[in-house]
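Residue-level listing of the chains:
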Amino acid sequence: ENDDNNNSNNNNNAEDLEGFEGIADAGGADDDDDGLTPQEASARRRYRDLTARVASLLQGGGNTPVPFPVLRSRFSTREATDDALAVAASACAVTVRGNFVLRSELVGLSDGIYVDARDTVLLLLNRYGRVRREPLVRMFEEMTADDDDDGAGAGADGGNGDKDADGHDIHGSRSAIDADVTNALLDGVAEAGRNCVELRLEDDGTFGARFPGVAELHRRYWSRRYEQGGLGNYVERYEELAGLTPPGDGDEHDDGDDDDEGDGDGDGDE
């Protein structure tokens, strides 16, 4: 009966997943719990501790995606129910085709423009499962070119000093996202495939089937980053350069390109 109650509470918390974003950085400050009942404050502290432990585990693995069963194997059922672990992981990580990847805000990137660039890579991998390096590099170099009078890059929408819906600077840096930076963003999360760079792990369709509410919140997160977070222009330009038909709103999609021929869009082919 207690397990049933815990699962019910965790499902309710999952419906408010966005309220747990950044909880790993909360540092356990007591004033974060002001206004909560003792039971709510205790539950929040448990989630904060669990999320910090999941974030530490993901950070230790570098940029590598981690499927939920691997996370599950690192925590006993006494430490966390399945639902609690899914919610805690979602507070510090995003899902890319069903696998957890540490949020860009938590990987030590120095500027908002790099957070947006990494999220663009993750969004494209979530859509297609793979990207083509040459059009990706070209897109980033075009979109972050430092050719404005004030030195600000072109950024996601050509503005200056604006912030997106998540509080990230749309530009934030004079440095272009060049080929070296693009390769660093791909490192760990993707690996060389046939004429492309592929997500490092196979798709995990079981997570969405097992946790549909949490999976829907991740889908909405990517949709919000695409539509309101300044990533739409990046993605659309990449798709134009790569000759892809967009599926829309960050949804998972297969580009259907199984061509063996090197066409200038592959992994290092010119």
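Above this text sits the structure in question.
What you see is a predicted model, and the numbers here were worked out from it, not measured in a lab.

**Q** Give a description of the packing of aromatic side chains that names residues and reports values.
**A** The final tally for this structure, using the stated rule, is six aromatic pairs. Look at Phe68 and Phe211: their rings are 5.1 Å apart centre to centre, the planes differ by 65°, and that puts the pair in the edge-to-face class. In this pair, Phe68 sits in helix α3 (residues 68-73) while Phe211 sits in the loop between α8 (205-210) and α9 (212-227), placing the two residues 143 residues apart along the sequence. Side by side, Phe68 and Phe211 carry an identical accessibility label, which is buried. Their ring planes at 85° and their centres at 5.2 Å tell us that Phe100 and Phe207 sit as a pair that is edge-to-face. In this pair, Phe100 sits in strand β3 (residues 99-102) while Phe207 sits in helix α8, placing the two residues 107 residues apart along the sequence. Of the two residues, Phe100 and Phe207, neither departs from the other in class, the shared state being buried. Grouped by ring-pair contacts, the aromatic residues Phe68, Phe100, Phe207 and Phe211 constitute a single cluster. A cation over a ring is seen here: Arg103 above Tyr221, with NZ or CZ 4.9 Å from the ring centre.

**Q** Tell me about the sheet that holds strand β2 (residues 93-96), residues and numbers included.
**A** Pairing is antiparallel across the open sheet formed by three strands, whose spatial order is β1-β3-β2. The two strands at the open ends of the sheet, each matched to only one other strand, are β1 (66-67) and β2. Looking at chain direction, β2 and β3 are connected through four bridges and run antiparallel. Along β3, the bridge assignment pairs Val94 with Val101. Relative to the sheet, helix α2 (residues 38-60) contacts β1, β2 and β3, its axis offset from that of β3 by approximately 85°.

**Q** I'd like a description of the environment of Glu40, backed by residues and values.
**A** Note that Glu40 resides in helix α2. The class of Glu40 is partly exposed, set by a relative accessible area of 43%. A polar contact is formed between the side chain of Glu40 and the backbone nitrogen of Thr37, at a distance of 3.0 Å.

**Q** Which residues make up the packing of helix α6 (residues 133-143) against helix α10 (residues 232-242), and what values do they have?
**A** Helix-helix packing is described using two parameters, namely the angle between the two axes and the distance between the axes. Contact geometry of α6 with α10 gives a least axis separation of 9 Å together with a crossing angle of 135°. By the criterion of interaxial angle, the relationship of α6 to α10 is oblique. With respect to the hand of their crossing, α6 and α10 are arranged in right-handed fashion. Across from Pro135, Leu136, Arg138, Met139, Phe140, Glu142 and Met143 in α6, the residues of α10 making contact are Asn233, Tyr234, Arg237, Tyr238, Leu241 and Ala242. Tallied by class, the residues present in the contact of α6 with α10 amount to nine nonpolar, one polar and three charged.

**Q** Tell me about helix α5 (residues 112-128), and name the residues and values.
**A** The end-to-end C-alpha distance of α5 is 24 Å, a good match for the 24 Å that 17 residues give at a rise of 1.5 Å each. Among the 17 residues of α5, 17 are classified as buried, and the element is accordingly described as predominantly covered. After α5 finishes, the residue Gly129 shows a positive phi value of roughly 80°.

**Q** So, the nonpolar core: which residues are in play, and what are the values?
**A** Ranked by internal contacts, the top residues of the largest apolar core, which has 34 residues, are Leu125, Val131, Leu136, Met139, Phe140 and Tyr238. Listing elements by their share of this core, those giving two or more residues are β2, α5, α6, α7 (179-186), β6 (197-199), α9 and α10. Ranked by residue count, the leading element in this core is α5, at nine residues. If you look at the next biggest cluster of nonpolar residues, it comprises 25 residues, including Ala55, Ala80, Ala88 and Phe207.

**Q** Outline the side chain of Thr51, listing residues and values.
**A** Position of Thr51 among the secondary structure elements: in helix α2. On the basis of relative accessible area, Thr51 is assigned to the buried category, the value being 0%. Here Tyr47 takes part through its backbone oxygen, which lies 2.8 Å from a polar atom of the side chain of Thr51.

**Q** I'd like a rundown of the packing of α5 against α10, residues and numbers included.
**A** At a minimum axis separation of 10 Å, α5 and α10 run at an interaxial angle of 55°. Here α10 runs oblique to α5, going by the angle between their axes. When the axes of α5 and α10 are compared, the crossing they make is right-handed. When α5 is examined against α10, the residues Ile113, Asp116, Thr120, Leu123, Leu124, Arg127 and Tyr128 are found in contact with a partner set consisting of Tyr234, Val235, Tyr238 and Glu239. In terms of residue class, the contact of α5 with α10 is built from seven nonpolar, one polar and three charged.

The rules we used
Residues numbered from 1 in each chain as written. Predicted model: local features only at pLDDT ≥ 70, side-chain atom pairs only at ≥ 80, totals over all residues. Heavy atoms only, no water. Phe/Tyr/Trp six-rings, centres within 6.5 Å; stacked < 30°, edge-to-face > 60°. Helix = DSSP H or I, 4+ residues; strand = E, 2+ residues; numbered from the N terminus. Buried < 20%, exposed > 50% of the residue type's maximum accessible area, 1.4 Å probe, protein only. Lys NZ or Arg CZ within 6 Å of the ring centre and 35° of its normal. Pairing = 2+ DSSP bridges. Contact = heavy atoms within 4.5 Å. Axes fitted to C-alpha atoms, helices over the stretch in contact; angles between N-to-C directions. Polar contact = N/O pair within 3.5 Å; in protein donor to acceptor, adjacent residues only side chain to side chain. Parallel < 35°, antiparallel > 145°, perpendicular 65-115°, else oblique. Left-handed = near helix turned anticlockwise from the far one by under 90°. Nonpolar A, V, L, I, M, F, W, Y, C, P; charged D, E, K, R; others polar. Expected span 1.5 Å × (residues − 1). Core = buried A, V, L, I, M, F, W, Y, C linked by side-chain atoms within 4.5 Å.

As far as function goes, none of this settles anything; it's purely spatial.
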